[in-house]
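So you can see what is in the structure, the chains are spelled out below.
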Amino acid sequence: FGNDADISDIPEMPSDYIEGFRRENMREVVSSALDSLEGRQKEVIVMKYFRGLKLREIAESLGAPLGTVQSDHSRGLKKLKVLLKEQIIEWGMNI
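Just so we're clear, the structure is a prediction, and the values are computed from it rather than from any experiment.

(A) Seen up close, the overall build of the protein chain. Helices and strands together make up the secondary structure of the protein chain, namely 4 helices and 0 strands. Shown N-terminal to C-terminal, the secondary structure of the protein chain runs as helices and strands in the order α-α-α-α. Split into buried and exposed, the 95 residues of the protein chain put 24% on the buried side. In the protein chain, the proportion of contacts linking residues at least 24 apart, taken out of those at least 6 apart, comes to 58%. When the accessible area of the protein chain is evaluated, it comes to approximately 7,100 Å², of which 52% is carbon and sulfur surface.

See the structure below:
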């Protein structure tokens, strides 16, 4: 741009590009938070929210009691909430 350039010389980014960038960063944040969850908690969260299974179906699939899966789900969500808040603050993202 040279020394004589001013802010009006910088082209505006299309809103769909900015939204795509935000989505990609959010995917990284969620992926990082999920990777921080422990074994079955991560498995239960992924099966429920990314594969669309019900907790009963997850319990059957894992061969675990429904109560255990419900507990893993609840604890996993609580941890994920904390981890996501930390990641969002760390990345300086505005939601």
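(B) Fine view of the packing of helix 2 (residues 39-49) against helix 3 (residues 55-62). One can describe the packing of helix 2 onto helix 3 by two numbers: an axis separation of 10 Å at closest approach and a directional angle of 130 degrees. It follows from the interaxial angle that helix 2 and helix 3 lie oblique. Regarding helix 2 and helix 3, the two cross each other, and that crossing is right-handed. The segment helix 2 lies against helix 3, with Arg40, Glu43, Val44, Met47 and Lys48 engaging Leu55, Ile58, Ser61 and Leu62. For the contact of helix 2 with helix 3, the residue count by class is 5 nonpolar, 1 polar and 3 charged.

(C) The arrangement of the pattern of salt bridges in detail. According to the stated counting rule, one finds 3 salt bridges in the structure shown. Put simply, Lys79 and Glu38 hold a salt bridge, and the shortest N to O gap is 3.5 Å. With Lys79 in helix 4 (residues 66-91) and Glu38 in the loop between helix 1 (15-36) and helix 2, the pair connects residues that are 41 residues apart, well separated along the chain. A salt bridge links Asp72 to Arg40, with the nearest nitrogen and oxygen atoms 2.5 Å apart. Of this pair, Asp72 sits in helix 4 while Arg40 sits in helix 2, and the two are 32 residues apart along the sequence. The class for Asp72 is buried, based on a relative accessible area of 10%.

Reading guide: rules and limits
- Residues numbered from 1 in each chain as written.
- Predicted model: local features only at pLDDT ≥ 70, side-chain atom pairs only at ≥ 80, totals over all residues.
- Heavy atoms only, no water.
- Helix = DSSP H or I, 4+ residues; strand = E, 2+ residues; numbered from the N terminus.
- Buried < 20%, exposed > 50% of the residue type's maximum accessible area, 1.4 Å probe, protein only.
- Contact = heavy atoms within 4.5 Å.
- Areas by Shrake-Rupley, 256 points an atom, 1.4 Å probe, with all protein chains shown as cover.
- Axes fitted to C-alpha atoms, helices over the stretch in contact; angles between N-to-C directions.
- Parallel < 35°, antiparallel > 145°, perpendicular 65-115°, else oblique.
- Left-handed = near helix turned anticlockwise from the far one by under 90°.
- Nonpolar A, V, L, I, M, F, W, Y, C, P; charged D, E, K, R; others polar.
- Salt bridge = Lys/Arg side-chain N within 4 Å of Asp/Glu carboxyl O.

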